[in-house]
Amino acid sequence: MSNDAEDAVLYQATSGGVAIITFNRPDRLNAWGPDIAAGFYAALDSADQDPDIRVIVLTGRGRGFCSGAYLGPPESARGYGAVMERASQTELSELVGERPPDFVTTLRKPVIAAINGACAGIGLTQALMCDVRFAAAGVKFAAVFARRGLIAEFGISWILPRLTSWAVALDLLLSGRTFLAEEAAELGLVKEVVEPEELMQRTLQYADDIARNCSPASMAVIKRQIYGDATGGLTDATARAEALLREAMPRPDVVEGIVSFLQKRPPRFPSLTSSDG
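Residues numbered from 1 in each chain as written. Predicted model: local features only at pLDDT ≥ 70, side-chain atom pairs only at ≥ 80, totals over all residues. Heavy atoms only, no water.

Draft legend 1. Main features of the confidence of the model for the chain. When the pLDDT values of the chain are averaged, the result is 82; 76% of them are 70 or greater. Between residues 76-90, whose pLDDT stays under 50, and residues either more than four places distant or in other chains, the model counts 4 contacts. (pLDDT = per-residue confidence, 0-100. Contact = heavy atoms within 4.5 Å.)

Draft legend 2. Structural view of the sheet that holds strand 6 (residues 118-120). Read across the sheet, 4 strands follow the order 4-6-8-9 without closing on themselves; strand pairing throughout is mixed. Because the sheet does not close on itself, it has two edges, and the strands there are strand 4 (64-66) and strand 9 (178-180). The average undirected angle you get between the axes of adjacent strands in this sheet is 25 degrees. In this sheet, strand 6 lies alongside strand 4 in parallel orientation, the contact comprising 2 bridges. Paired with cysteine 66 across the two strands is cysteine 119, which belongs to strand 6. Its contacts with the sheet place helix 6 (residues 122-129) against strand 4, strand 6 and strand 8 (140-142), and it is angled at close to 95 degrees to strand 6. (Pairing = 2+ DSSP bridges. Helix = DSSP H or I, 4+ residues; strand = E, 2+ residues; numbered from the N terminus. Axes fitted to C-alpha atoms, helices over the stretch in contact; angles between N-to-C directions.)

Draft legend 3. Representation of the packing of helix 7 (residues 156-163) against helix 8 (residues 166-175). For the pair helix 7 and helix 8, the least separation of the axes is 7 Å and the interaxial angle reads 130 degrees. What the angle tells us is that helix 7 and helix 8 run oblique. You can see that helix 7 and helix 8 cross each other, and the crossing is right-handed. Here Ile156, Ser157, Leu160 and Pro161 of helix 7 lie close against helix 8, whose contacting residues are Trp166, Ala169, Leu172 and Leu173. (Parallel < 35°, antiparallel > 145°, perpendicular 65-115°, else oblique. Left-handed = near helix turned anticlockwise from the far one by under 90°.)

What follows is the structure, given as structure tokens:
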């Protein structure tokens, strides 16, 4: 990973097993670019491969979570014709990174977004691909694609109606309107809205509770079930769940979960292995 990518995304591991990944381009409201993409996916790989990490928290530094794709400074508008001509001849992966936003859903560990500021375009898509979202009061959201002459990018047309409803998804995507964190919570896009100064404290409190009390192996399988079952029928989902339950029963996590409950103590679940999830 280049120094530019390392600087664009900060990585911190807490003693409680939480990895904090922070977009670090506050001067441009953490707008998405190759530098953030490279740093982000390198950080995710580090967190996923570290057995001491059980939960991942994603946030942004400054006034933005991720305000969309980086289109350059305002003065570059005069040269947009040439920029777009080059873009049309460029591989999409060079513009947005080596992996699509839905890669987050394939991780074995929970990913929780602490949305601290502007969240739009690909930034909104990335936030919705996280498993749980907290937001600071007053934060602005927007699925701005139609207002940029674009389409519903990178899986947002799949995830948005599943988190809300068909009608809400059409409203937000067709209008491209700005809406606040409070409405996002009402629509089911955000779990909680908290005061800005309390955002990380509340998000980490939630993440720490999961890291302490939930089986990493169980969470890995549950994530695979949730996203995998979204495209199948109920009968198939039930059959898969029964097979997964048979696989889970011999695991030490099940014994520890039951024994710790009966002994009224916090569980001591083992870390993920390469075969879990």
